[in-house]
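The chain contents come next:
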Amino acid sequence: MRLWPAIWAALAAAALALALWARLPAGWLWPPQAMHLPMAGWITAGMAWLTDTAAIGPVTFKDLTRGIAAVIEAPYDAARVLLVDGITEGKGRKATVLVPPLSWVAVTVAAVALGHYAKDLALGLLAGALMLYLAVFDQWDSAMVTLASIAIAVPLGVAGGLGLGIAAWRWRWVERVLSPVLDLMQTVPTFAYLVPVLVLFGFGPVSALLATVIYAMPPMVRVTLVALRAVPSEIVDFADMAGCTQTQRMRKVMLPVALPDLMVGVNQVIMLSLNMVIIASMIGAGGLGADVLASLRRLDIGGGIESGLAITALAIVLDRLGQALAAKAGGVRAAEGSWPRRHPRTVLVLAVILASGVLGLLVPAVQDWPKDWTVTTKPFWADLMEWINVKYYEQLEALRVWVLEHVMLPVKGFLLALPWPLVVGVATLAGWRLGGLRLAALAVALGLFLAATGLWEQAMITLYLCGVSVAIAMALGVPLGILAASSERAGKVIGTVVDTLQTLPSFVYLIPVVMLFRVGDFSAMIAVVLFALVPAVKYTAHGLRSVPEELVEAGVVSGATRWQILRKVRLPMAVPMILLGLNQTILLALSMLVITALVGTRDLGQEVYIALTKADVGRGLVAGLSVAAIAILADRLIGAAAKDAKARLEGGT
Amino acid sequence: MTRPVKLACRHVWKIYGPHPERLLGNAPTLEAIRASGHVGAVRDVSLAVGEGEIFVIMGLSGSGKSTLVRCLSRLVEPTGGEILYDGEDLLKASPARMIEIRRHHMGMVFQHFALLPHLTVLENVAFPLEVQGLARAAREARAREVIGLVGLQGREGHFPRQLSGGQQQRVGIARSLAVEPDLWFLDEPFSALDPLIRREMQEEFLRIQKQLKKTIVFITHDFDEAIRLADHIAIMKDGALVQVASPEELVLAPADDYVRAFTAHVSRAKVITLGRIATKGVPAGVAGTLPAEARVETVAEQVVTAGRPFAVEREGAVIGHVTPQAVIDVLIGRGT
Ligand SMILES: Nc1ncnc2c1ncn2[C@@H]1O[C@H](COP(=O)(O)OP(=O)(O)O)[C@@H](O)[C@H]1O
Ligand SMILES: [Mg+2]
């Protein structure tokens, strides 16, 4: 089978030659005007129809959106009363507080109690310490606004996901309808969600919450479906034999048995909600995300870092508590006795809430952390950045220029010089080789879609930024994964770092990068690499670790050195896993790329961002779907390659 | 000795695949089913289970036992056929009626226990009663009763994961008996247990059955287990019944090589009953009277030690006698 490598090499050479020397007639380089379909216009018109005239009987679509908004607004207001505003009389600045919100003391004690309940005192103290951190560094108010959003978004996302997941489990057709929708939702970049929500619900916390819920729900649907399917069939049979009604079976058997698995989904909803609630500051979420956004726009370095660290603290608290609760689910239950005896922590927290609330009326420091006690690190960060920029400006600049000139720009130039039929053709050929006719057809369809959007140039720029970032992420991530798999200590250290990186909302990555390299493609690339590195490391390490011990021993017995075992046994066996890691890296890179529009890229992400600022649904959705098209194509191609590699390994050749 | 039929099925089919109903019209052969990309899990099975008997379904793994028993309880919807429970066709029963029947008349024990991990032993056993809406005090009282029956007193507060496999299956048995079912399905209840524990559980099972006299459909892939427990054995192969008979008939007259392969290594004394080796008439000076259903193995020592013949009676009437020589012949495999 020397044929195919030769064909690929010839294609590559031809592409290079075309890019370097050929003068292409118009319509060959980028898709001709005649091919463009005014999809953005259609979508915008459809949206206008929806908002202006659509109605089911007497209920107009506007009424529907108002209704949904009201359903979300009421609990959100309640959460804000509890955490942020208290019960007030009057409006705006003149408002007088009748009942204060929960004091910092109460919230911190509640965090400690929850940690203790979920796992142990150490976790409780960690959670408490991070809450204190928020108070000390004057991030309390913003953090509570964010927390209020999450407190509402998570139950809604979990309940919605659970409901849809259960329906998909019960009825095959629901699953068949949902499955492609979920696929699409998980590849459409976060920003693209914001545009239609913004148009339908306006600017404000309710829209932000809605976008958050929609974004965080798909994994819960999937997890629910998988968890319910994983309930042993004998247990389902037992429920039927016991004479359960459908509802009894679900409530008393399926859900409790699936609970530990379901909690994994809940944890995901929490982390995705946090991520999205930060991003949704662009349509009015407020809180820590709004602070970061404002700092980014003002290039206020210190402020940005402070808010970013606060988000990190909140993310760690939520992640650790969520994970501990997930691990605990299905475990031993509360002790016997009366309600207070069974719930000592709840009693304690309620007591502290009351006591600190009353005491706070006399001693304000108990209610609100005093301003005098806060510490600001803004000057420190500003000085540090200044110092770095003065001291290392030349080195940093040299690095930036070198990478731009020697790596990024050539790749960009190459991709932009390729005729579009060649690009679509190569993708199709790859699809055919890896996945047969179906995948080839998908490649043609998605390629033509991209050509018809009129966004070919932006798509190629997206491809270039994504390609370079992913290549660098893999170049860094795979060796790190190898290192992590090679020794326990390295594995622990790298594992902790990677886990923490993973909990950070994508926005946070922009802050240090912008400070060091300002705006532009290079900054975007660094942020994307940082964000997308995690799966490259994780999957590589996992793939290497799960090579069967017997194979390694066989290598050792036949006298192979460590290096030989790695190269000849472990790495080849881990290839399918590493390919899956590559797949995840690409998907994360694409989702981050859209967010880097904030630092001034010129790709599809920028299109979405502009559409967002102009509330132009058609433009935003078309660009968002284009990103989704690239993501889906990459996902299917690499998925097929991984399957192929795996089949070859298991086939023994 | 014929009992009234409690549960019967007629021409039951279960075919898995894209279009099972299309195949069914013309009684397809195994090959035809396979060739069309279907699986014939149960093929044209008809059988009758008498009230109070232990009816064992035996077959290699994949032969369709679990599917058949799930058709009998309608956990799996058969592709075709009739299931008659006390004369009522279950396949025509409404969902509400099925719930009713399962709540009050059927119990099932599962190979991997199927205990609910989030409930204690007591709550697990009380679960079928809870589903019926019985008050807590009443259902817990009943649950404690059956927990006592299976010898698990003192473990009511344990969670399933804190119990050994044998203990877990005792919970499964107690749970299936909590509603006092008259039809008791057991799908390989002891297959997941160690051989020693399995033996102990079989004894326990026979003890409970002596007390309760349920109508039982018991599934196993272990022929020794089958002949130990069964009044009747149905042997399955590729979804179809090969032979339905008493253990004794099965061993003495296997229908084909498939059945013969199972019976070849079984010691005759384990299955042959006194009724079969009894000779007519009763000589003077018998040492005592034995039931005709007793298996030779269980009375051999008694007869041989006595050194004298025993009278044999069936349903109160003496039908003949057995001599120590006849017993010894069976033990050493002479004759038969
Ligand atoms: N849900 C199903 N879908 C397709 N085939 C099935 C299904 N359940 C069982 N089968 C097939 O039916 C046959 C009988 O299975 P089963 O009744 O579980 O056998 P046993 O209990 O005797 O081991 C097997 O070939 C099995 O693969
Ligand atoms: Mg089975």
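Because the structure is predicted, anything quoted here is derived from the model rather than measured.

This paragraph deals with the overall build of chain B. Across its full length, chain B holds 14 helices and 13 strands. For chain B, the C-alpha radius of gyration of 22 Å lies close to 20 Å, the compact-globule estimate for 336 residues. Counting only C-alpha atoms and orienting by the principal axes, one finds that chain B spans roughly 65 × 55 × 35 Å. If you take every contact in chain B between residues at least 6 apart in sequence, the share linking residues at least 24 apart comes to 66%. Total accessible area on chain B is roughly 14,700 Å²; 52% of this is exposed by carbon and sulfur atoms. Placing the 39 positive and 39 negative side-chain charges of chain B at their respective mean positions leaves the two points 1 Å apart.

Before going further, it helps to spend a moment on the pairing of strand β10 (residues 240-245) of chain B. Of the pairings in the sheet, the one linking strand β9 (residues 232-237) of chain B to β10 of chain B comprises five bridges and is antiparallel in character. Along β10 of chain B, the bridge assignment pairs Lys 237 of chain B with Ala 240 of chain B.

Another point: the packing of helix α6 (residues 140-170) of chain A against helix α12 (residues 288-298) of chain A. Residues and elements named next belong to chain A. Where α6 contacts α12, the two axes come as close as 7 Å, and the packing angle between them is 120 degrees. Relative to α12, the element α6 is oriented oblique. Residues Ser 142, Ala 143 and Thr 146 of α6 form the contact with α12, whose participating residues are Leu 288, Gly 289 and Asp 291. A class-by-class count of the residues in the contact of α6 with α12 yields two nonpolar, three polar and one charged.

Listed by partner, the interface residues are 19 residues for chain A and 28 residues for chain B. We note a salt bridge from Lys 252 of chain A to Glu 130 of chain B, for which the minimum N-O separation is 2.5 Å. Remark: the boundary between chain A and chain B carries seven residue pairs in polar contact (both at pLDDT 80 or more). At the level of secondary structure, the elements contributing two or more residues to the side of chain A that touches chain B comprise α10 (233-241) and α11 (246-279) of chain A. Looking at the side of chain A that touches chain B, the element that brings in the most residues is α10 of chain A, giving six residues. Residues of the side of chain A that touches chain B, tallied by class, amount to nine nonpolar, five polar and five charged.

On to the pattern of salt bridges, then. This structure, assessed with the given rule, holds 35 salt bridges over all chains. The salt bridge partner of Glu 203 of chain B is Arg 228 of chain B, with a shortest N-O separation of 3.0 Å. Here the residue Glu 203 of chain B occupies a position in helix α8 (residues 195-212), and Arg 228 of chain B occupies one in helix α9 (residues 223-229), the gap between them amounting to 25 residues. Classification of Glu 203 of chain B as partly exposed rests on a relative accessible area of 44%. Note on Arg 228 of chain B: relative accessible area 25%, which makes it partly exposed. Between Arg 314 of chain B and Glu 293 of chain B there is a salt bridge, and its shortest N-O distance comes to 4.0 Å. With Arg 314 of chain B in strand β12 (residues 310-314) and Glu 293 of chain B in the loop between β11 (289-291) and α13 (296-306), this residue pair connects regions lying 21 residues apart in the sequence. Overall, Arg 314 of chain B belongs to the partly exposed group, its relative accessible area being 34%. Taking the relative accessible area as the measure of exposure, Glu 293 of chain B reaches 41% and is therefore partly exposed. Overlapping salt bridges bring together Asp 183, Arg 222, Asp 635 and Arg 636 of chain A as one network.

Take the pairing of strand β6 (residues 106-109) of chain B next. All names here are of chain B. Judged by which residues are buried, β6 turns out to be covered on both faces: Met 106 and Met 108 on one side and Gly 107 and Val 109 on the other are all buried. Pairing between β6 and strand β7 (residues 183-187): four bridges, direction parallel. Its bridge partner lying in β7, Gly 107 is registered against Trp 184.

Before going further, it helps to examine the nonpolar core. If you look at the biggest cluster of nonpolar residues, it comprises 224 residues, and the most contacted ones within it are Leu 194 of chain A together with Phe 185 of chain B. Per element, the largest residue contribution to this core is 16 residues, and it comes from α11 of chain A. When residues no more than four places from it in sequence are discounted, the contact partners of Leu 194 of chain A are Ala 211, Met 276, Ile 279, Ala 280, Met 282, Ile 283 and Leu 612 of chain A. If you look at the next biggest cluster of nonpolar residues, it comprises 65 residues, including Ala 178, Phe 190, Phe 262 and Val 271 of chain B.

Before going further, it helps to examine the site of ligand 1. Residue and element names in this part refer to chain B. Surveying the vicinity of ligand 1 reveals the residues Tyr 16, Val 39, Ala 41, Leu 60, Ser 61, Gly 62, Ser 63, Gly 64, Lys 65, Ser 66 and Thr 67. At a separation of 2.7 Å, an oxygen atom of ligand 1 approaches a polar backbone atom of Gly 62. Ser 63 places a polar main-chain atom, nitrogen or oxygen, 3.2 Å from an oxygen atom of ligand 1. Protein burial of ligand 1: of its 560 Å² of free accessible surface, 58% is covered by the chains. With three residues, helix α3 (residues 65-72) is the largest single contributor of residues to the shell around ligand 1. A breakdown of the residues in the shell around ligand 1 according to their chemical character gives four nonpolar, six polar and one charged.

All names here are of chain A. Per the domain assignment, the segments making up chain A are domain 1 (61-99 + 148-331), domain 2 (102-136 + 340-368) and domain 3 (380-418 + 456-651). On a C-alpha basis, the centroid separation for the pair domain 1 and domain 2 is 24 Å. Of the residues lining the interface, 13 residues belong to domain 1; the matching set on domain 2 comes to 14 residues. For the pair domain 1 and domain 2, the summed buried surface comes to about 1,200 Å²; carbon and sulfur atoms form 83% of the total.

Residue and element names in this part refer to chain B. Here three strands make up an open sheet; going across it, the order is β11-β12-β13 and the pairing mixed. On the outer flanks of this sheet lie β11 and β13 (317-322), each paired with one strand and no other. Mean inter-strand twist for the sheet, computed between neighbouring axes without regard to direction, equals 40 degrees.

Our focus in this paragraph is helix α14 (residues 324-332) of chain B. Residue and element names in this part refer to chain B. Among the residues of α14, those classed as buried are Pro 324, Ala 326, Val 327 and Val 330. The buried residues of α14 occupy an angular sector of 165 degrees when projected down its axis, which confines them to one face. Along its buried surface, α14 packs onto α12 (274-277), α13 and β13. A positive phi of about 80 degrees marks Gly 333, the residue just after α14.

Residue and element names in this part refer to chain B. Here chain B is partitioned into domain 1 (50-77 + 93-266) and domain 2 (269-331). For domain 1 versus domain 2, the separation of C-alpha centres amounts to 32 Å. Each side of the interface is counted separately: domain 1 has ten residues, and domain 2 has six residues. The contact between domain 1 and domain 2 buries some 650 Å² in all, and 56% of this surface belongs to carbon and sulfur atoms.

Definitions and limits used
Residues numbered from 1 in each chain as written. Chains lettered and ligands numbered in written order. Predicted model: local features only at pLDDT ≥ 70, side-chain atom pairs only at ≥ 80, totals over all residues. Heavy atoms only, no water. Helix = DSSP H or I, 4+ residues; strand = E, 2+ residues; numbered from the N terminus. Rg over C-alpha atoms; globule rule 2.2 N^0.38 Å. Contact = heavy atoms within 4.5 Å. Areas by Shrake-Rupley, 256 points an atom, 1.4 Å probe, with all protein chains shown as cover. Lys, Arg positive; Asp, Glu negative; His and termini not counted. Charge placed at Lys NZ, Arg CZ, Asp CG, Glu CD. Pairing = 2+ DSSP bridges. Axes fitted to C-alpha atoms, helices over the stretch in contact; angles between N-to-C directions. Parallel < 35°, antiparallel > 145°, perpendicular 65-115°, else oblique. Nonpolar A, V, L, I, M, F, W, Y, C, P; charged D, E, K, R; others polar. Salt bridge = Lys/Arg side-chain N within 4 Å of Asp/Glu carboxyl O. Polar contact = N/O pair within 3.5 Å; in protein donor to acceptor, adjacent residues only side chain to side chain. Buried < 20%, exposed > 50% of the residue type's maximum accessible area, 1.4 Å probe, protein only. Core = buried A, V, L, I, M, F, W, Y, C linked by side-chain atoms within 4.5 Å. Near = heavy atom within 4 Å. Domains from an automatic or database assignment. Buried area = accessible area lost by both parts, 1.4 Å probe. Arc of directions from axis to C-beta.

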